[in-house]
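Below are the chains, spelled out letter by letter.
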Amino acid sequence: FARVVRASSKGSRALFADMGFLHESEPLAWDQALDSLRLVREHGIEQFLAVFRRCRHIEGDAFKWGDEVEHGIFSLVGGSGDASRSVRIALRSPEVLAELRAMEAKRGETSKAACSEGKACTHEPCTWMPEYGRWMLESTPGHPFEGVEGTAQLEANMKLRRARLAAALQPGEIAPTVTSMPLFGVPGFCEPHREPNGPVTGSLFVPDEVIFPHPRFPTLTKNIRLRRGSRVEIRRPRFEATKALSKLGKEDPIPTSQAEADALDHVYADAMAFGMGNCCLQVTMQASSLSESRYLYDQLAPLTSIMLALTAATPFMRGWICDDDTRWGQLAQSVDDRTPFERSGAPSDVTVDGDERLAGRGVQPLPKSRYDSIDCYIGEGPEVAENNDLPLVLDERHVARLIEGGVDEALARHIAHLFARDPLVLFGDRLHLDDEHDIDHWENLQSTNWQTLRWKPPPPHKGSLSSSDDGHIGWRVEFRSMEVQITDFENAAFSSFIVLLSRTILESKLNLYIPMSKVEQNMQAAQRREACTSERFWFRTNISAVEGADAWQRATSDVEPAALMTIGEILMGKEAFPGLIPLCHRHLENADYEPATRELLREYIAFIARRAEGKVLTAATWMRSFVLNHEAYQQDGRVPPAAAHDLMIAAAEMGEGRRPCPELVGEISRLLPCEVPTPTEREVAARGVAVAQPWLLRPRAGTFPCCSQAAGVNKTEAPSSAQMMMIA
């Protein structure tokens, strides 16, 4: 969603990952908004041009970055020995969010007072924001990290956020970092119970009350359905070990009841919450200049599918085991607002006028949902035109206006392509704005094109500040394809790898361009089951620096520009292709980083290489195996409630560091402690008693081994000495 920047406790240092464009007024109903859609599209272009004029000359910005982790809050039902045990989503994120923000404010005030008295300023701020679901929230560091050296702080910061969230939970609640709760959409899946088929979603499975209560979120949900003309249709292949799966087709039936949905040979869902209710991991990086941001965006494009496959963590939907591994297609279908003509095209013998208020009159074919992979490169070199081989849907009048305003054609076509969609949420008191200073209409379209990458111009009031000003924000790139991981070690490893790889690309001036059509093929491959080890991906074979048209011609004339490789080969190298990880190692050797930072990054890289080689499992493979081997599994493709309960406890304990799992991360030499409060400590804190928070500091207790064969989980058992986890 569109975002505003939140300042850290240090005053003016801001986190790049823009957080929360949540205007406080009542949005227009869709029939009221229709007449203003064109206004928003046209003035959004003007607002972008104003930012472009004001900030295009930024140079020399520091490389700063931040991560975003999305969390879900779940309520446990029954104990470990209860045959009827289960797990539900807890519809309490507004209350938890308010408590977390109050805790951050209080800590900040205490730290500020200590600083003024000459004492140590110990408060490390965290930022908490709402997400789509009423059981979800988002955490980020309170201020950006600086340079590759910042990776040394990341894992501890993630642990800190996890501990603070745990401190705000009630007894019986957990918050594991998983993409989704396996039973989401199954009858009785939310606490408190609510009935489906409300006026916003019209869903067979999901009540409207699961949506975060800010009016933007339900309005977005309802307007997608109204613009489309029907409920969204989400379909994933069902996992069945004993018979071949039928392929999903365009004419699959639309069920009218849960029983009809369950009778299909695939998994069906029908609400935005099935997509936007999935949690992810994102990294936003500031480039030194406009030009560098465009170059970095392009070079990261071929990596989006690779990182999706490496982080695959979504093997379930609506209580069924799926035969693919990621959230991506599910998300794309969940926000697909295209009309029937936009999805399939008008019959050749039929003339359709459409609605002139809609983009493309609502009849121009759109190949994709507004949540999907990117469609074009935006850089400045000759290789951009060479590799932009996908047709772009756009309004040529927008392209002409952007070029007239000083934007080159490649970037103009990207912006115009974003504006081939309609804005979905309009506020009546924010329609007629000052295009030189306001960016609401630009952000309205920019932020609801949910793609694998997002190129992010500066907020005008921040970008116009001097680069040396603490509040300055420059041109940024957001990496958006990764799935959230169970442990902070994994989340830190993948985020740090993106940061390190980005610096390696920039310092070495690598050329990773492949045809955009092959980027699209890679995204399809990345979603398949066990794609991390079983699929092959198109990747450029000659990745040496290219400068200028002549060099580009020489580089592409002698070798095949791209070849199919496994992720292991892409990372570790194959024949003359050096591999990305050896290049990162070379960068680490040549750069002036602290030895501890260098060693930490080598450990993260070694873990990622093990995952690419299949030596450790993706979360999707591990979770699917956990359920298939659970004592309650009935060999019917469904996730038993007891298995979901035990799996979520296992994930929570692994995330907290109380349950090691070498199947996921391998044998790592150290784990940072992340103790959570005991039930007694939570109750004391809930009464407002001013006590210390020892769970943030005390050593981690020993825990259970982790195994996909595990069936039951007993949180009261004492671990053996052999099961004790060593904390460095």
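Small disclaimer: the values here were computed from a predicted structure and weren't measured. (Residues numbered from 1 in each chain as written. Predicted model: local features only at pLDDT ≥ 70, side-chain atom pairs only at ≥ 80, totals over all residues. Heavy atoms only, no water.)

**Considerations on the pairing of strand β20 (residues 537-540)**
- Neither face of β20 is left uncovered, since the one carrying Phe537 and Phe539 and the one carrying Trp538 and Arg540 both have all their residues buried.
- Note: β20 against strand β21 (residues 562-565), 4 bridges, orientation antiparallel. Looking at β21, one finds that Phe537 is bridged to Met565. (Buried < 20%, exposed > 50% of the residue type's maximum accessible area, 1.4 Å probe, protein only. Helix = DSSP H or I, 4+ residues; strand = E, 2+ residues; numbered from the N terminus. Pairing = 2+ DSSP bridges.)

**Thoughts on the sheet that holds strand β4 (residues 74-77)**
- The strand order across the open sheet formed by 4 strands is β9-β4-β5-β10, and the pairing between neighbours is mixed. Single-partner strands in this sheet number two, and they are β9 (173-174) and β10 (190-191).
- Both β4 and β9 contribute to a ladder of 2 bridges, which runs antiparallel. What sits directly across from Ser75, in β9, is Glu173.
- On top of the sheet, helix α25 (residues 641-656) reaches β4, β5 (86-90) and β9; it is set at about 65 degrees to β5, its chief contact. (Contact = heavy atoms within 4.5 Å. Axes fitted to C-alpha atoms, helices over the stretch in contact; angles between N-to-C directions.)

**Focus: the packing of helix α22 (residues 580-590) against helix α23 (residues 595-612)**
- Where α22 contacts α23, the axes come no closer than 11 Å and their chain directions differ by 175 degrees. Accordingly, the angle class assigned to the pair α22 and α23 is roughly antiparallel. When α22 is examined against α23, the residues Ile581, Cys584, His585, Leu588 and Glu589 are found in contact with a partner set consisting of Arg598, Leu601, Arg602, Ile605 and Ala609.
- Looking at the contact of α22 with α23 residue by residue, the classes come out as 6 nonpolar, 1 polar and 3 charged. (Parallel < 35°, antiparallel > 145°, perpendicular 65-115°, else oblique. Nonpolar A, V, L, I, M, F, W, Y, C, P; charged D, E, K, R; others polar.)

**Let's talk about the confidence of the model for the chain**
- Model confidence for the chain is summarised by a mean pLDDT of 88, while 85% of its residues fall at 70 or above.
- Counted against residues more than four places away or in other chains, residues 1-20, with its pLDDT under 50, gives 74 contacts.
- Between residues 686-728, whose pLDDT stays under 50, and residues either more than four places distant or in other chains, the model counts 95 contacts. (pLDDT = per-residue confidence, 0-100.)

**Here we look at the packing of aromatic side chains**
- This model, assessed by the stated rule, comprises 21 aromatic pairs.
- Cluster of aromatic residues (ring-pair linked, three or more members): Phe48, Phe52, Phe419, Trp442, Trp455 and Trp475.
- In this structure, Arg238 packs its charged tip against the face of Trp320, placed 3.7 Å from the ring centre.
- The ring of Trp538 carries Lys518 above its face, with NZ or CZ at 3.9 Å from the centroid. (Phe/Tyr/Trp six-rings, centres within 6.5 Å; stacked < 30°, edge-to-face > 60°. Lys NZ or Arg CZ within 6 Å of the ring centre and 35° of its normal.)

**Side note on the environment of Gly471**
- Along the chain, Gly471 turns up in the loop between α16 (460-463) and β19 (476-479).
- Measuring from C-alpha to C-alpha, the distance between Gly471 and His461 comes to 9.5 Å, with 10 residues separating the pair along the chain.

**Details of helix α4 (residues 151-167)**
- Here α4 is 17 residues long and its end C-alpha atoms lie 25 Å apart, about the 24 Å a rise of 1.5 Å per residue gives.
- Most of α4 sits inside the fold, with 14 of its 17 residues counted as buried. (Expected span 1.5 Å × (residues − 1).)

**Digging into the environment of Gly655**
- Turning to its location among the elements, Gly655 is positioned in helix α25.
- When the C-alpha positions of Gly655 and Pro176 are compared, they lie 6.4 Å apart, and in sequence the two are 479 residues distant.
- Gly655 has contacts with Lys159, Arg162, Ile486, Thr487 and Asp488, leaving out every residue within four places of it along the chain.

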